[in-house]
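Structural overview
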Amino acid sequence: DHLKAASDLGVPLTAVGLFYRSGYFHQAVTAQGWQVESYPLLDPSALGLSLVRHPDRSPVEVSLAMPDGLTLFARIWRARVGRVTLLLLDTDTPSNSDELRQVTDRLYGGTGEHRLRQEILLGIGGLRAVRAWDALRGLPEPTVFHTNEGHAGFQGLERIHELIAQGLSFDEALQQVRASTVFTTHTPVPAGIDRFDLPLVQRYLTEALLPGVDPGRAIDLGRESYEGGNPGTFNMAVLGLRLA
């Protein structure tokens, strides 16, 4: 609905999401009243999606440094929503190991580490996908960034990394990111917020992933510090608020 409205209004918006190979589950109910879920595999070519390719027709992929020297790759599918482009990241690519191909398998389920990988891909990989798309199409760079919920909060850290690479200090980059980022949420309740243990986040938010960014300062942006909060927890909504 948001993208359709942007198209109707002529807003030059580029949207980013993940392409879940299993999508949402199909629900059935047994004779005893129990829910049974099944996850059909989706065929992107049957959904009106097109693979984003280089001029030589090879697929465009973004890459992210993972722990233990691994690299996560994601292809980019494009969907057209009226005049708006939606880019969907897909890790089911031969460039990945079998384990990393499963990062975008489904929306719900899996471990906390699986969810963290998805959100790192959405935020950091998503911005890298936008940069690749803009370069291919000769489009101007975005001037305003919007994150809905905390799920894409790592996008702000990727922008800090970009600005530090251009010569800004961490504090200068943080102020510039805040001045050009809008944060919205429609589920401001604990059950709607992703939280991760700090040691897990520390394992992933490294200088290999975000060169030039002090991992400690990046992690502090998502650290819970409000009354009653757990200082050992990384809160994605807190990250989104502090980066906007």
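Above this text sits the structure in question.
Anyway, here's the lowdown on the structure attached to this text. Sequence order as written defines residue numbering, which begins from 1 separately in each chain. Residue-level local features of this predicted model are given only where pLDDT is at least 70; pairs of side-chain atoms are given and counted only at 80 or more, and the full residue set underlies all totals for whole chains, interfaces and linings. Side-chain metrics in this entry use all non-hydrogen atoms of the structure; hydrogen atoms and water are not considered.

Every definition here rests on a 1 Å grid over the protein atoms only: cavities are sets of points where a 1.4 Å probe fits but cannot get out, pockets are open sets enclosed by protein on both sides within 12 Å along at least five of seven lines, and lining residues have some atom within 4 Å of a point. Grid points are joined across faces, edges and corners, and a volume is the space filled by probe spheres set on the points. The tally for this structure, following the rule as stated, stands at 1 cavity of 30 Å³ or more. Lining the largest cavity, in full, are Thr147, Gly153, Gln155, Gly156, Thr181, Gly240 and Leu243. For this scheme, ten residues count as nonpolar: Ala, Val, Leu, Ile, Met, Phe, Trp, Tyr, Cys and Pro. Four count as charged, namely Asp, Glu, Lys and Arg, and the remainder, Gly too, count as polar. Across the lining of the largest cavity, the residue classes tally to 1 nonpolar, 6 polar and no charged.

Comment: elements are numbered from the N terminus, with helices defined as DSSP H or I runs of at least four residues and strands as E runs of at least two. Each residue after the first adds 1.5 Å to the expected span of a helix. The end-to-end C-alpha separation of helix α3 (residues 154–165) is 17 Å, in line with the 16 Å expected for 12 residues at 1.5 Å each. The classification of residues rests on relative accessible area computed with a 1.4 Å probe and restricted to protein chains. Under 20% of the type maximum is buried, over 50% is exposed, and intermediate values are partly exposed. Counting buried positions along α3 yields 11 of 12 residues, so the element is predominantly enclosed. Among the residues of α3, those classed as buried are Phe154, Gln155, Gly156, Leu157, Glu158, Arg159, Ile160, His161, Glu162, Leu163 and Ile164. Looking one or two residues past α3, Gly167 carries a phi angle of roughly 110 degrees, positive in sign.

Attention now goes to the nonpolar core. In this structure, Ile120, Phe154, Leu157, Ile160, Leu205 and Phe234 are the most contacted members of the largest nonpolar core, which totals 48 residues. Broken down by element, this core gets its largest block of residues, 8 residues, from helix α2 (residues 112–137). Contact definition: two residues touch when any of their heavy atoms are within 4.5 Å. When residues no more than four places from it in sequence are discounted, the contact partners of Phe154 are Leu116, Glu119, Ile120, Gly123, Ile124, Leu205, Phe234, Met236 and Leu239. We define a nonpolar core as any set of buried Ala, Val, Leu, Ile, Met, Phe, Trp, Tyr and Cys residues linked to one another through side-chain atoms lying within 4.5 Å.

This paragraph deals with the packing of α2 against α3. The contact between α2 and α3 brings their axes to 8 Å, and the two run at 45 degrees. Judged on the interaxial angle alone, α3 and α2 are oblique. Handedness of the α2/α3 crossing: right-handed. Of the residues in α3, those in contact with Leu116, Glu119, Ile120, Gly123, Ile124, Leu127, Arg128 and Arg131 of α2 are Phe154, Gln155, Glu158, Arg159, His161 and Glu162. Residue composition of the contact of α2 with α3, by class: 5 nonpolar, 3 polar and 6 charged. In this analysis an axis means a line fitted to C-alpha atoms, helices contributing only their contacting stretch, and an angle means the value between N-to-C directions, from 0 to 180 degrees. Convention used here: angles under 35 degrees read as roughly parallel, angles over 145 as roughly antiparallel, angles from 65 to 115 as roughly perpendicular, and any remaining angle as oblique. By definition, turning the near helix anticlockwise from the far helix through less than a right angle yields a left-handed crossing, and turning it clockwise yields a right-handed one.

The next thing to look at is the environment of Thr93. Among the structural elements, Thr93 can be located in the loop between β7 (84–90) and α2. Linking Thr93 and Pro59, residues 34 residues apart in sequence, is a C-alpha distance of 9.9 Å. Not counting the four nearest positions on each side in its chain, Thr93 is found in contact with Glu61, Phe73, Arg75 and Arg101. By the criterion applied in these results, polar contacts are pairs of N or O atoms within 3.5 Å in which, for protein atoms, one can donate a hydrogen and the other can accept it, and in which residues neighboring in sequence qualify only through two side-chain atoms. Of note is the side chain of Thr93, whose polar atom sits 2.6 Å from the side chain of Glu61.

One turn of an α-helix holds 3.6 residues; hence residues three or four places apart share an orientation. Those residues of helix α1 (residues 2–9) that sit buried are Leu3, Ala6 and Ser7. Buried positions in α1, seen along its axis, are confined to an arc of 100 degrees and lie on one side of it. Residues of α1 that are exposed and point more than 90 degrees away from the buried face comprise His2, Lys4, Asp8 and Leu9. The secondary structure elements touched by the buried residues of α1 are β1 (14–18), β6 (71–81) and β7. Where α1 ends, the next residue or the one after it, Gly10, has phi of about 75 degrees, a positive value. This arc is taken over the directions from the axis of the helix to the C-beta atoms.

By relative accessible area, Thr93 is classed as buried at 0%. Within the structure, Thr93 has its side chain in polar contact with the side chain of Arg75 (distance 3.3 Å).

Phi is mostly negative for residues that are not glycine, and the peptide bonds are mostly trans. With a phi angle near 65 degrees, Asp68 is a residue other than glycine that sits in the positive phi range. You can see Asp68 is positioned in the loop between β5 (61–65) and β6. Taking the relative accessible area as the measure of exposure, Asp68 reaches 65% and is therefore exposed. Here Glu149, not a glycine, exhibits a phi torsion of approximately 70 degrees, which is positive. Among the structural elements, Glu149 can be located in the loop between β8 (145–148) and α3.

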